[in-house]
Amino acid sequence: MELRGYAYIMASGRNGTLYIGATSDLAKRAWEHRNGVVEGFTKKYGCKLLVWYQAFESLEAARHREKQMKEWKRLWKLREIETMNPDWDDLYDRIATP
């Protein structure tokens, strides 16, 4: 059985720098980005807000969506975020377990 997967977008702020990723543990991965635990793009550019995500039946499907979205024009990514999250709220609290 494959792991459930998530494609997600982290942002530095409304209309700011965007990072697209895929993971099997969205709460853990978003926490890592928020807290700068892992060196890399999100830490360098301050992408700490979870502004969009989509669940998939498998990690493979989530990675496929991630790769598709990385090829998209920026405007398409912004539309995707604003369809789910028009106020660009940080969605971390919705997915984090207490």
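For clarity, every value in this text was computed on a predicted model and none was experimentally measured.

S.K.: Where do I start with the side chain of Asn85 in this structure?
M.R.: Following the sequence through the fold, Asn85 ends up in the loop between α4 (74-84) and α5 (92-95). Since its relative accessible area comes to 3%, Asn85 is described here as buried. Discounting residues that sit within four places of it in the chain, Asn85 has contacts with Val51 and Leu91.

S.K.: I keep staring at helix α1 (residues 26-34) and nothing clicks. Help me out?
M.R.: At 3.6 residues per turn, the α-helix brings residues three or four places apart onto the same side. The complete set of buried residues in α1 reads Leu26, Ala27, Ala30, Glu32 and His33. Buried residues along α1 sit against β1 (5-11), β2 (18-23), α2 (41-45), β3 (49-56) and α5. A positive phi of about 60 degrees marks Gly36, the residue just after α1.

S.K.: Where do I start with the nonpolar core in this structure?
M.R.: Side chains of nonpolar character tend, in soluble globular proteins, to be buried together. Of all hydrophobic cores here, the largest spans 14 residues; its most connected members are Ile9, Leu18, Val51, Trp52, Ile81 and Trp88. Going through the elements one at a time, β1, β2, β3, α3 (59-70) and α4 are the ones with two or more residues in this core. Setting aside its immediate chain neighbours within four residues, Ile9 contacts Leu18, Tyr19, Ile20, Leu49, Leu50, Val51, Trp52, Met69 and Ile81. By size, the runner-up hydrophobic cluster in this structure holds eleven residues, among which are Tyr8, Ala27, Cys47 and Ile95.

S.K.: Got a minute to help me understand the pattern of salt bridges in this structure?
M.R.: When the charged atoms of two side chains lie near each other, side chains of opposite charge can form a pair. For the structure shown, the criterion picks out six salt bridges. The salt bridge partner of Glu82 is Arg14, with a shortest N-O separation of 3.7 Å. Here Glu82 is found in helix α4, whereas its partner Arg14 is found in the loop between β1 and β2, with 68 residues between them in sequence. Taking relative accessible area as the criterion, Glu82 reaches 31% and is therefore assigned partly exposed. For Arg14, a relative accessible area of 48% corresponds to the partly exposed category.

S.K.: What is the right way to look at the packing of aromatic side chains in this model?
M.R.: Note on aromatic pairs: each is described by the distance of the centres and the angle between the planes. Across all of its chains, the model carries four aromatic pairs by this definition. Pairing Phe41 with Tyr45 gives two aromatic rings, centres 4.6 Å apart and planes at 40 degrees, and the pair type is tilted. Note that Phe41 and Tyr45 are positioned in helix α2 at a spacing of four residues, about one turn of the helix. Taking the relative accessible area as the measure of exposure, Phe41 reaches 37% and is therefore partly exposed.

S.K.: Looking at this model, I keep getting lost on the sheet that holds β3. Mind explaining?
M.R.: Note: strands within a sheet are paired through backbone hydrogen bonds, in either parallel or antiparallel orientation. With respect to topology, three strands assemble into an open sheet ordered β2-β1-β3, the strand pairing being antiparallel. Edge positions in the sheet fall to β2 and β3, since each of these pairs with one other strand and no more. Each strand of the sheet is rotated relative to its neighbour by a mean of 15 degrees, with strand direction disregarded. In this sheet, β2 lies alongside β1 in antiparallel orientation, the contact comprising six bridges. For Tyr8, the partnering residue across the bridge sits in β2 and is Gly21. Across the face of the sheet, α1 comes into contact with β1, β2 and β3 while running at roughly 20 degrees to β1.

Criteria and thresholds
Residue numbers here run from 1 along each chain, matching the order of that chain's written sequence. The model is predicted, so local features are restricted to residues of pLDDT at least 70 and side-chain atom pairs to those at 80 or more, both for listing and for counting; the totals for chains, interfaces and linings are taken over all residues. Heavy atoms throughout the structure, all of them, feed into the side-chain values; hydrogens and water do not. Under the DSSP-based scheme used, a helix requires at least four consecutive residues in state H or I and a strand at least two consecutive residues in state E, with every element numbered from the N terminus. In this scheme, a residue with accessible area under 20% of its type's maximum is buried, one over 50% is exposed, and one in between is partly exposed, where area comes from a 1.4 Å probe on protein chains only. Between two residues, a contact is recorded if the distance between any of their heavy atoms is within 4.5 Å. Each nonpolar core is a collection of buried residues, namely Ala, Val, Leu, Ile, Met, Phe, Trp, Tyr and Cys, held together in the definition by side-chain atoms within 4.5 Å. Just to be clear on terms, a salt bridge is a Lys or Arg side-chain nitrogen sitting within 4 Å of an Asp or Glu carboxyl oxygen. A pair of Phe, Tyr and Trp rings is counted when the ring centres sit within 6.5 Å of each other, with Trp represented by its six-membered ring. The angle between the planes then sorts it: under 30 degrees is stacked, over 60 is edge-to-face, the rest tilted. For two strands to be treated as a pair, DSSP must find no fewer than two bridges joining them. Angular values range over 0 to 180 degrees, each being the angle between N-to-C directions of two axes fitted as lines to C-alpha atoms, with helices fitted over their stretch in contact.

Just distances and angles here, no functional claims.
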